[in-house]
Amino acid sequence: MHMKRSMWTPMSPTTLLALCSLAGGELHAYMVGEQIAKYSEGIVAPNRSTVSRLLRRLVKRGWVSEHAPLPFPRSLRRQSYGLTPFGRRAMNHEIARLRNLFALISTKALA
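Model, not experiment: these values are computed from the prediction. (Residues numbered from 1 in each chain as written. Predicted model: local features only at pLDDT ≥ 70, side-chain atom pairs only at ≥ 80, totals over all residues. Heavy atoms only, no water.)

1. Considerations on the packing of aromatic side chains
Applying the stated criterion to the full structure yields 0 aromatic pairs. A cation over a ring is seen here: Arg61 above Trp63, with NZ or CZ 4.5 Å from the ring centre. (Phe/Tyr/Trp six-rings, centres within 6.5 Å; stacked < 30°, edge-to-face > 60°. Lys NZ or Arg CZ within 6 Å of the ring centre and 35° of its normal.)

2. Regarding the pattern of salt bridges
Under the definition given, this model contains 1 salt bridge. Ionic pairing is found between Glu94 and Arg97, a salt bridge with its closest N-O pair at 2.8 Å. Of the two residues, Glu94 and Arg97 both sit in helix H4 (residues 85-110), 3 residues apart, roughly one turn of that helix. Overall, Arg97 belongs to the partly exposed group, its relative accessible area being 27%. (Salt bridge = Lys/Arg side-chain N within 4 Å of Asp/Glu carboxyl O. Helix = DSSP H or I, 4+ residues; strand = E, 2+ residues; numbered from the N terminus. Buried < 20%, exposed > 50% of the residue type's maximum accessible area, 1.4 Å probe, protein only.)

3. Some words on the pairing of strand S3 (residues 80-83)
Side chains Ser80 and Gly82 of S3 all project onto a buried face; the interleaved residues Tyr81 and Leu83 project onto the opposite face, where all are buried too. Alignment of strand S2 (residues 64-67) against S3, held across 4 bridges, turns out to be antiparallel. Within S3, the position partnered with His67 by the bridge is Ser80. (Pairing = 2+ DSSP bridges.)

As C-alpha cells, this is what we get:
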C-alpha cells in the first residue's frame, strides 16, 4: 500500500488514544470512549457522538475496521471495531514521533 505523506501527520490525542484502546482487541464504540477517558485520566472524555464520528473517520482512513457486533443480549448489540495492521503502524509511528519529541525537549531543557 502506498502511503501518502498526509497519513503520517501528527495525530490528535483523541485519535491516538482511540487507536491505543483498540490495540488490545475489538471493542464497541462505548468502550472505546471509556478507554480514552481512562487512559487520559479523565482529561479527554469524548461523548458518544464524538467517538462515533472518530471511529467512522478511522474506518475510512483504513486504520480501524468494523466487525460483527460483540455477543450481547439483542437489546445491547453494538458494532465492534478493531485495529488494522495499517492502524497499528500509524499508532506506532505516532508513539515514536512523540518519544523523539520528548527526548529532544528533555535534552534542550537540561542544557
